[in-house]
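Inside the fold
Okay, here's what each chain looks like letter by letter:
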Amino acid sequence: MENKKNILAYVRGLGFRIVKTGIAVTLCLCIVKWLNLPHPLYVVLTAVLAMGASIEGSFHMAKNYIFGILCGILVGSVSAFFLPGNAGVGGIGTIVVLYLCSLFHLRGAEVLSCAAFFSILLTQSAVSLWRLALDQAGGMFLGLFVALVVNLLIMPPNYAGKILQLYRSLGETIVILPQSERKRECLGTLEYDVRALQRYITLYAAEPKFLRGETGEIKQISELSGVFQELLGELESAIRIHEDGLSEELADEAYQYHMKQIERLAVACFSKGEHESK
């Protein structure tokens, strides 16, 4: 059990994306050998380039990658039909491929599209041009598919856990903030945590439903996004009172007002979660 924890800790330090990319490459090479595919380089290259930082990112980009590969294969086939391996055609073809990616809004697919283009233009093969195009397209689609499957099934990110962890961290920081002598630093920490919380909520919402957990509590936390922003505004106002040099009486009155608002918002944000956790 202890060894398993150590392995997981090491993997986290190395980065899940790096580890999953290595797994995808291994699977691609095994499949290439098993099916005796002729051009393994572009299969592996596609798997590496298509491995997204998140499941949502991988599936969102898959459509762009597919059409980008098709554009590169098409332009490469036309170019290789007339002048295979020609340097000038390589430059002009690159311009055309990148223009098509921009025209069809294939954001993020430019590198794969250019790789597909050069896989046709620069590959010397005894088979016919159309067969080469089919082989390269099939190999690159295989690499894309493997990357998507690995990212989906192996070590999927636990966004629900991160949301709950950040939510509790926010509650703990707000509890100690009134007594803290470093209110400005606490506010910076809260702002960072709120931004991270909103980012993870967005990623969680984009996940396939069967990968989600803690749906009821996460939904309640996501509905408090606007309240978190209001809370940060009140905290900023309360801290600035002491920095603006107001008279002691006015400063104390304004500070107490903002602290009451903070207490009200904190109760709205965290009392329900604490009650449920009990």
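Within each chain, residues carry numbers counting from 1 in the order of the written sequence. Totals for whole chains, interfaces and linings use all residues, but because this is a predicted model, local features are given only for residues with pLDDT of at least 70 and pairs of side-chain atoms are given and counted only at 80 or more. Each side-chain value is derived from all of the structure's non-hydrogen atoms; neither hydrogens nor water enter the calculation.

So, on to the pattern of salt bridges. Any carboxyl oxygen of Asp or Glu that lies within 4 Å of a side-chain nitrogen of Lys or Arg is treated as forming a salt bridge with it. Tallied over the full model, the rule gives one salt bridge. Residue Arg131 pairs with Asp135 through a salt bridge whose shortest N-O separation is 3.3 Å. Linking Arg131 with Asp135, this pair stays in helix α7 (residues 129–153), spanning four residues, or about one helical turn. Strands here mean DSSP runs of E at least two residues long; helices mean DSSP runs of H or I at least four residues long; both are numbered from the N terminus.

This paragraph deals with the nonpolar core. Remark: nonpolar core denotes a set of buried residues (Ala, Val, Leu, Ile, Met, Phe, Trp, Tyr, Cys) joined through side-chain atoms within 4.5 Å. We call a residue buried when its accessible area falls under 20% of the maximum for its residue type, exposed when it is over 50%, and partly exposed in between, using a 1.4 Å probe and counting protein chains only. Counting residues in each nonpolar core, the largest one holds 41 residues, and the members touching the most others are Tyr65, Ile73 and Met140. For this core, the secondary structure elements donating two or more residues are α2 (16–35), α3 (40–50), α4 (55–82), α5 (87–103), α6 (110–121) and α7. For this core, the leading source of residues is α7, giving 10 residues. With near-sequence residues (within four places) excluded, Ile73 lies in contact with Ala116, Phe117, Ser119, Ile120, Ala133, Gln136 and Ala137. Here, residues are in contact when the closest pair of their heavy atoms is within 4.5 Å.

Below, the discussion takes up unusual backbone geometry. The backbone phi angle of Asn36 is positive, close to 55°, even though this residue is not glycine. Mapping Asn36 onto the fold places it in the loop between α2 and α3. Residue class for Asn36 comes out exposed when judged on its relative accessible area of 66%. Even without being glycine, His105 reaches a positive phi, approximately 55°. Structurally, His105 is set in the loop between α5 and α6.

A separate point is the packing of aromatic side chains. Note on aromatic contacts: the rings of Phe and Tyr and the six-membered ring of Trp form a pair at centre separations within 6.5 Å, being stacked when their planes are under 30 degrees apart, edge-to-face when over 60 apart, and tilted otherwise. As enumerated under the stated definition, the model contains three aromatic pairs in all. With a centroid separation of 4.8 Å and 65° between ring planes, the pair formed by Phe117 and Phe118 is classed as edge-to-face. The exposure class assigned to Phe117 is buried, which follows from its relative accessible area of 0%. Given the relative accessible area of 26%, Phe118 is considered partly exposed. Where Tyr159 meets Tyr200, the ring centres are 6.1 Å apart and the plane angle is 35°; that geometry is what we call tilted. Taken as a pair, Tyr159 in helix α8 (residues 159–176) and Tyr200 in helix α9 (residues 183–206) lie far apart in primary sequence, 41 residues in all.

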